[in-house]
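# Structural characterization, general
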Amino acid sequence: MEIADEKFWEDVREEFPVTQNLAYFQSAGISPIPNRVLKAITQAYEKLNKYGDLFFLEEIKRADTLREKLGEMINTKAGNICFAPNTSSAFGYIATTLKKSNPLEFNIVSLLDEFPATNIPFEMQGIRLKFVEPANSTYTVYRILDAIDENTMAVVCSHVQYSTGFRLNIEELGKRLVEKKVLFFVNATQSFPFFEIDVAKMHIDALSASLHKWGLSGINGSMFYTSETFRKTYPGALGGWLSVIPAPGDFIPTQKNKGYQQLDDAAQYVFGTSNFQALAGLD
């Protein structure tokens with residue numbers, strides 16, 4: 001079917017009832033959801049309404065399959081992905097981890113145009129941020145590299161800037177940061193899934209993409225990626241009943257005052273029960 005075929009656009013408009021009410025340009029904030037997503041979420045809540053948590057384990061398996069799908073999209077395995085409540089939370093986890101692991105003073109380089117979710121979580125931990133100023137709303141890789149000094153531990157920035165639409169060459173930046181042994185954290189909220197993200201090729205240590213924008217699936221949290229190397233070097237600083245290993249023979253960690261072993265994969269950032277019903281829409 002030709003993309004210009006009017007029947008094609010009629011089908012799209014029917015799938016998105018918002019088109020009957022508005023000329024909508026606010027998807028960079030929250031996207032309207034299509035009918036099929038509404039149906040999936042509604043069915044998930046109806047199941048909860050009729051059967052309670054009888055299908056809890058099945059919902060966990062469905063979320064695991066969803067993580068596999070997302071992993072394929074960014075070239076990583078499911079064990080490196082979890083779901084955070086939002087990007088502020090995801091970067092807050094990273095910030096507390098860095099603060100706990102590094103008693104010495106350090107700084108992080110970021111960009112002046114960043115959405116606050118990118119920088120505030122680090123600033124609230126007392127970490128000094130150095131902001132690179134734009135030139136005509138753009139940032140070159142070398143302008144960012146010039147801001148790095150001997151105390152710089154990481155660069156945190158967006159793939160696409162929310163306020164200007166500027167898209168950074170994160171593959172080139174990632175390569176340069178590896179050479180400098182500087183960590184790389186990316187906010188992909190305004191780029192995923194439209195622009196390719198390959199966390200291996202781009203040398204990304206941690207990435208968050210809030211999915212209520214271009215995920216077209218309602219408010220269901222953030223895709224939160226961390227590399228194996230990052231987690232081994234900087235174990236998570238927080239914990240919950242789903243982020244640690246239970247005692248032998250136990251389903252949940254009911255042991256008390258006996259110490260806890262953190263999970264090795266990205267589940268170390270999963271502290272409690274997720275909203276599986278909302279994730280059904282994303283799936």
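Computed from a predicted model, the values in this text were never measured in an experiment. (Residues numbered from 1 in each chain as written. Predicted model: local features only at pLDDT ≥ 70, side-chain atom pairs only at ≥ 80, totals over all residues. Heavy atoms only, no water.)

Scanning the protein for helices and strands turns up 9 helices and 7 strands. Dimensions along the principal axes, computed over C-alpha positions, put the protein at roughly 60 × 55 × 30 Å. A separation of at least 24 residues holds for 64% of the contacts in the protein among residues at least 6 apart in sequence. About 15,300 Å² of surface is accessible on the protein, with carbon and sulfur atoms providing 54% of the total. The average position of the 27 basic charges and that of the 33 acidic charges among the side chains of the protein differ by 5 Å. (Helix = DSSP H or I, 4+ residues; strand = E, 2+ residues; numbered from the N terminus. Contact = heavy atoms within 4.5 Å. Areas by Shrake-Rupley, 256 points an atom, 1.4 Å probe, with all protein chains shown as cover. Lys, Arg positive; Asp, Glu negative; His and termini not counted. Charge placed at Lys NZ, Arg CZ, Asp CG, Glu CD.)

Structurally, glutamate 15 is set in helix α1 (residues 6-15). With a relative accessible area of 17%, glutamate 15 lands in the buried category. With residues near it in sequence (within four places) discarded, glutamate 15 still touches Pro34, Asn35 and Arg36. (Buried < 20%, exposed > 50% of the residue type's maximum accessible area, 1.4 Å probe, protein only.)

With that out of the way, let us pick up the nonpolar core. Ranked by size, the top nonpolar core spans 39 residues in total, and within it Val155, Leu173, Ile204 and Leu207 carry the most contacts. Among the elements that take part in this core, helix α3 (residues 56-74) stands out by supplying 4 residues, more than any other. Apart from the residues lying within four places of it in its own chain, the contact partners of leucine 207 are Val186, Ala188, Ile197, Val199, Met223, Phe224 and Tyr225. In this structure, Ala90, Ala95, Leu98 and Phe185 belong to the second largest nonpolar core, which totals 25 residues. (Core = buried A, V, L, I, M, F, W, Y, C linked by side-chain atoms within 4.5 Å.)

Another point: the layout of surface pockets. Computed from the structure, the largest pocket encloses a volume of approximately 610 Å³. When contributions to the lining of the largest pocket are tallied by element, the ones reaching two or more residues are α3, β1 (81-84) and α9 (276-282). Looking at the lining of the largest pocket element by element, the count peaks at 6 residues for α3. Here the lining of the largest pocket is built from residues that sort into 20 nonpolar, 4 polar and 3 charged. (1 Å grid on protein atoms, 1.4 Å probe; cavity = no way out; pocket = protein on both sides within 12 Å on 5 of 7 lines; lining within 4 Å. Points joined across faces, edges and corners; volume = space filled by probe spheres on them. Nonpolar A, V, L, I, M, F, W, Y, C, P; charged D, E, K, R; others polar.)

Counted by the stated rule, this structure contains 14 aromatic pairs. Between the aromatic rings of tyrosine 51 and phenylalanine 55, the centroid separation amounts to 5.6 Å while the plane-to-plane angle is 90°, which identifies the pairing as edge-to-face. Members of the aromatic cluster, connected to one another through ring pairs, are Phe91, Phe122, Phe185, Phe230 and Tyr234. Looking at lysine 47, its charged tip hangs above the ring of phenylalanine 55, at a distance of 5.1 Å from the centre. The positively charged end of arginine 167 is found above the aromatic ring belonging to phenylalanine 195, 3.9 Å away from the centroid. (Phe/Tyr/Trp six-rings, centres within 6.5 Å; stacked < 30°, edge-to-face > 60°. Lys NZ or Arg CZ within 6 Å of the ring centre and 35° of its normal.)

Remark: a regular strand shows side chains that alternate across the two faces of the sheet. The buried fraction of strand β7 (residues 222-226) is high, at 5 of 5 residues. By the alternation rule, side chains of β7 split into Ser222, Phe224 and Thr226 and Met223 and Tyr225, which are all buried. Bridging between β1 and β7 involves 4 bridges; their strand directions are antiparallel. Looking at β7, one finds that cysteine 82 is bridged to phenylalanine 224. (Pairing = 2+ DSSP bridges.)

Strand order in the open sheet formed by 7 strands is β1-β7-β6-β5-β4-β2-β3, and the pairing between neighbours is mixed. The open sheet terminates on both sides in strands that have one partner only, identified here as β1 and β3 (128-132). Strand-to-strand twist of the sheet, defined as the mean angle between neighbouring strand axes without regard to direction, takes the value 20°. Judged from the 3 bridges that link them, strand β2 (residues 107-111) and strand β4 (residues 152-158) form a sheet pairing that is parallel. Residue pairing in the sheet places isoleucine 108 in a bridge with alanine 154 of β4. In this fold helix α4 (residues 87-101) packs onto β1, β2, β4, β5 (183-187), β6 (206-210) and β7, with an angle of close to 165° to the strand it touches most, β5. Packing against the sheet, helix α7 (residues 170-180) makes contact with β4 and β5, and its axis sits at approximately 160° to β5. (Axes fitted to C-alpha atoms, helices over the stretch in contact; angles between N-to-C directions.)

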